There are 2 protein chains.
Amino acid sequence: MVAKVFVSAQEVADRAGVSRSAVSRTFTPGASVSPETRARVMEAADALGYHVNHLARGLMRNESGIICLIASDVATPYRSALLRELTLQLQQGGKVAMLINTDRSDGSVDRALRQAIRYRADASIILSGLPDKSIAQLCLRSGQRLVLINRDDDQPGPLRINLDDHEAAGRVATAFVRAGCRRLAFANSEAGTPSLMAREEGFVAAATALGLAVTVERFGWTGYEAGKVLAQRLLTRRERPDAVFCATDLLACGFMDAARQQFSLTIPDQLCIAGFDDIEQASWSSYNLTTFSQPIREIASRAVEWLGAPIPEDHSPRRDSLRLKADLVWRGSIRGG
Amino acid sequence: MVAKVFVSAQEVADRAGVSRSAVSRTFTPGASVSPETRARVMEAADALGYHVNHLARGLMRNESGIICLIASDVATPYRSALLRELTLQLQQGGKVAMLINTDRSDGSVDRALRQAIRYRADASIILSGLPDKSIAQLCLRSGQRLVLINRDDDQPGPLRINLDDHEAAGRVATAFVRAGCRRLAFANSEAGTPSLMAREEGFVAAATALGLAVTVERFGWTGYEAGKVLAQRLLTRRERPDAVFCATDLLACGFMDAARQQFSLTIPDQLCIAGFDDIEQASWSSYNLTTFSQPIREIASRAVEWLGAPIPEDHSPRRDSLRLKADLVWRGSIRGG
DNA sequence: CAGTTTGTTGCACGCCCGTGCAAACCAGTG
DNA sequence: CACTGGTTTGCACGGGCGTGCAACAAACTG
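Overview of the structure. (Residues numbered from 1 in each chain as written. Chains lettered and ligands numbered in written order. Predicted model: local features only at pLDDT ≥ 70, side-chain atom pairs only at ≥ 80, totals over all residues. Heavy atoms only, no water.)

### Some words on the relation of the copies chain B and chain A
Note: a rotation about an axis with an accompanying shift along it relates these two copies of the chain.
Okay, step 1: Mapping chain B onto chain A leaves a residual RMSD of 0.1 Å; the transformation is a rotation of 180° accompanied by 0.0 Å of translation along its axis. This pairing of chains is accounted for by a two-fold axis. The C-alpha atom lying nearest the rotation axis in chain B is that of M98 of chain B; the distance is 2.2 Å.
Okay, step 2: A share of 100% of interface residues in chain B that are also interface residues in chain A marks the association as one of identical surfaces. (Least-squares fit on C-alpha atoms with pLDDT ≥ 70 in both. Contact = heavy atoms within 4.5 Å.)

### Considerations on the protein's contact with DNA strand C
Okay, step 1: Contacts to DNA strand C come from 24 residues, most closely from M60 of chain A together with A9, R20, S24 and R57 of chain B.
Okay, step 2: Atoms of DNA strand C within 4 Å of the protein: sugar and phosphate make up 52%, bases the balance.
Okay, step 3: One of the side-chain nitrogen or oxygen atoms of R25 of chain A is found 2.7 Å away from a base oxygen of DNA strand C.
Okay, step 4: If you list the elements that add at least two residues to the surface near DNA strand C, you get α2 (20-26) and α4 (54-61) of chain A together with α2 (20-26) and α4 (54-61) of chain B. (Near = heavy atom within 4 Å. Polar contact = N/O pair within 3.5 Å; in protein donor to acceptor, adjacent residues only side chain to side chain. Helix = DSSP H or I, 4+ residues; strand = E, 2+ residues; numbered from the N terminus.)

### Description of helix α1 (residues 9-16) of chain B
Residues and elements named next belong to chain B.
Okay, step 1: If you check which residues of α1 are buried, you get A9, V12, A13 and A16. Around the axis of α1, the buried residues are gathered within 100° of arc, so they sit on the same side. Exposed side chains of α1 directed beyond 90 degrees from the buried face belong to D14 and R15.
Okay, step 2: If you follow the buried residues of α1, they end up packed against α2 and α3 (35-48).
Okay, step 3: A positive backbone phi angle near 70° is found at G17, which sits one or two residues after α1. (Buried < 20%, exposed > 50% of the residue type's maximum accessible area, 1.4 Å probe, protein only. Arc of directions from axis to C-beta.)

### Some words on the pairing of strand β6 (residues 184-188) of chain B
Residues and elements named next belong to chain B.
Okay, step 1: Burial analysis of β6 places five of its five residues in the buried class, the great majority of the element.
Okay, step 2: Judged by which residues are buried, β6 turns out to be covered on both faces: L184, F186 and N188 on one side and A185 and A187 on the other are all buried.
Okay, step 3: Here five bridges tie β6 to strand β7 (residues 214-218), and the two strands are oriented parallel to one another. Its bridge partner lying in β7, N188 is registered against R218.
Okay, step 4: For the segment spanning β6, helix α9 (residues 194-209) and β7, crossover handedness is right-handed. (Pairing = 2+ DSSP bridges. Right-handed = clockwise from strand over helix to strand, strands pointing away.)

### As for the packing of helix α10 (residues 224-235) of chain A against helix α11 (residues 249-263) of chain A
Residue and element names in this part refer to chain A.
Okay, step 1: One can describe the packing of α10 onto α11 by two numbers: an axis separation of 6 Å at closest approach and a directional angle of 50°. It follows from the interaxial angle that α10 and α11 lie oblique. Crossing of α10 against α11: the hand is right-handed. Along the contact surface, α10 presents Y224, A226, G227, K228, L230, A231, Q232, L234 and L235, while α11 presents L250, L251, C253, G254, F255, D257, A258, A259, Q262 and F263.
Okay, step 2: Taken together, the residues that form the contact of α10 with α11 break down as 13 nonpolar, four polar and two charged. (Axes fitted to C-alpha atoms, helices over the stretch in contact; angles between N-to-C directions. Parallel < 35°, antiparallel > 145°, perpendicular 65-115°, else oblique. Left-handed = near helix turned anticlockwise from the far one by under 90°. Nonpolar A, V, L, I, M, F, W, Y, C, P; charged D, E, K, R; others polar.)

### Concerning the interface of chain B and chain A
Okay, step 1: Across the boundary between the two partners, chain B contributes 64 residues, which contact 64 residues of chain A.
Okay, step 2: Between chain B and chain A, a total of about 6300 Å² is buried, with carbon and sulfur atoms accounting for 58% of that surface.
Okay, step 3: Linking chain B with chain A are zero salt bridges, by the criterion used here.
Okay, step 4: Inspection of the region where chain B meets chain A yields 25 residue pairs in polar contact (both at pLDDT 80 or more).
Okay, step 5: Sorting the residues of the side of chain B that touches chain A by element identifies α4, α5 (77-92), β2 (96-101), α6 (108-118), α7 (133-141), α10 (224-235) and α11 (249-261) of chain B as the ones contributing at least two each.
Okay, step 6: A per-element tally of the side of chain B that touches chain A places α5 of chain B first, with seven residues. (Buried area = accessible area lost by both parts, 1.4 Å probe. Salt bridge = Lys/Arg side-chain N within 4 Å of Asp/Glu carboxyl O.)

### Examining the nonpolar core
Okay, step 1: Of all hydrophobic cores here, the largest spans 162 residues; its most connected members are F176 and F255 of chain A together with F176 and F255 of chain B.
Okay, step 2: Broken down by element, the residue count for this core peaks at nine residues, all from α11 of chain A.
Okay, step 3: What F255 of chain A contacts, discounting residues up to four positions off in sequence, is A187, G227, K228, L230, A231, L234, L235, V244, C246, L271 and I273 of chain A.
Okay, step 4: By size, the runner-up hydrophobic cluster in this structure holds 44 residues, among which are F6, V96, I100 and A136 of chain B. (Core = buried A, V, L, I, M, F, W, Y, C linked by side-chain atoms within 4.5 Å.)

### Describing the pattern of salt bridges
All names here are of chain A.
Okay, step 1: Inspection of every chain in the model, using the stated rule, returns 24 salt bridges over all chains.
Okay, step 2: Two residues, R237 and E217, come together in a salt bridge whose shortest N-O distance is 3.6 Å. Of the two residues, R237 sits in the loop between α10 and β8 (243-246) while E217 sits in strand β7 (residues 214-218), which places them 20 residues apart along the sequence.
Okay, step 3: In this structure, R302 engages E298 in a salt bridge whose closest nitrogen and oxygen atoms are separated by 3.3 Å. Highlighted residues: R302 and E298, both in helix α12 (residues 296-308), separated by four residues, approximately one helical turn.

### Here we look at the side chain of N150 of chain B
Residue and element names in this part refer to chain B.
Okay, step 1: Take N150: it is sitting in the loop between β4 (145-149) and β5 (159-163).
Okay, step 2: Overall, N150 belongs to the buried group, its relative accessible area being 5%.
Okay, step 3: In terms of polar contacts, N150 uses its side chain to reach the side chain of Q294, at 3.4 Å.
Okay, step 4: With residues up to four places along the chain from it excluded, the contact list for N150 reads Y78, I161, N162, L163, S195 and Q294.

In short, the description is geometric, and any link to function would need to be established separately.
Spelled out as structure tokens, the structure:
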């Protein structure tokens, strides 16, 4: 068994003929080292293949540099795109991402947060689920920062980043009406997360204001297959909808495929469709889906920026809650773009 | 500034009225603690919200529990699916995944590996690119284990997991011929990674053996848009191909969309298509793509299993190179399945 | 030249944990 | 009671690092 034998600062010091402190200072920006010693240290370090032990450094500095990303369904187009952007920007900020998968079971997020605590992560970014209040409080008490993305929670402490789901959904209703649609429907999943429900409520509210009723159907999780089932259910109704707003693009893709292949409908002539997220597939020409783009870059940059900023002394009315705008991307699934 | 104030074992010990060792032993499986003290410690730990500091534990044990995943294009369907499976299985094995994004620039993988060393990762799993020999050697010398997935490298030390790309590609050629196709083409990206090239070579070799020539076209990276361009190029040729093997499913999706919409071809009647990876979209009914499924679960489980196994004393002829089989998933893009 | 400033270096301590070792304890035996 | 074997406990050390402090050297200042 070849034990772990990473080279330590002491070995570098011995080889360079200096004290270990000198080595440490060489790798600490702003520390006082003469150019000569620095050079000798660097040479020895290169020769030996020395790399600062961030575990030990984290112990000392009380700052591990680790940011925990907590998410489920990470292989989903939208999630993976967000994860990509987050990890990229964290890396640029000198942090490193620790990825923890959650499932839909109870306590899954709590377990993930416990892991984050064990590794003394500087912060946790939660993309799915909601932690128990007590464990969230523990994180905050411990000095760990928390970011909730698209989880419409209201407890103070974490940074909450959300979209204007409600308002955006209203814009779709208007667009549908302008396209001459009268029989509106909303295709949702049964997941019932705040942002999905906000889209549904926003759509229904706006339609009602325009004097139209909305048929709402909910099924399964927000995936392609669920979209097909939803199409099955909505398109076999007596009063077949002529416009459907799907809560996510994945649902929309499944919906469109079923609409075209099983019901021989043409889009957008016989049926208008809108989605949400602007996943890559929405732009594929088979779908060419009109949808809302999640401001992924901005979400990530706001989160990272907030993590880098110092915690203010005063308990001032800090902007811990952001509501970003989702832009409507016009493509071909609604008439008269 | 609320400094980090994670509760330490000492505080738990004080509260429970025992020594710090007792606390440590309580959280160390197999250590000798009486039931009473264990109970008192647990109670105090719960009350204070204590969690073992894995940074310090890693320092002691010389084993951080961190596994580094190094990859580019993590938002891609295939990559994200593999990442998901890896992180899941690592979690089940009690490890934790650290995700490092690379780009296509030189030294990107090397920088990622350096980061892995700094955090004293127990192992690194590389999904994209190839590390420089010297840095790879440094990892191995340091006792860090290395796994290369679909990177057909031949240096000893790392575990290398590859597919039977060459042979699989041959099976497609046969299928095309059986479907009555005569004018074969291969659509590749310019990335030139070993597995992509193996698919190309395997296809060409098999076709040649069957007495058919293959038109090869390469463009861009392995994405949807590149697939469209490749269709543009291949389908405007004098001798239009009647069967195209795309190096990846993403290329195939782009290719199919262009073939249908710009060239009004029907699939599989006028054009047979095959892909590779079996990404989720391949099963979407707009594509219904015949393709090879990457044995993602097996790749992940083999990797995790290998990481968990002890390094054998003797330098025996260890199975450090695995070649897994990619199964052909018959769908509707080749005639006569 | 004495005195002061500036810059560099090494020592020693602490961060939090696991563990070898020896002391302490406890129950059982003759 | 003395003795033995087994279990539990605390002490002290080490793992790799950053940093305050004091010692020291060099460079100025008057």
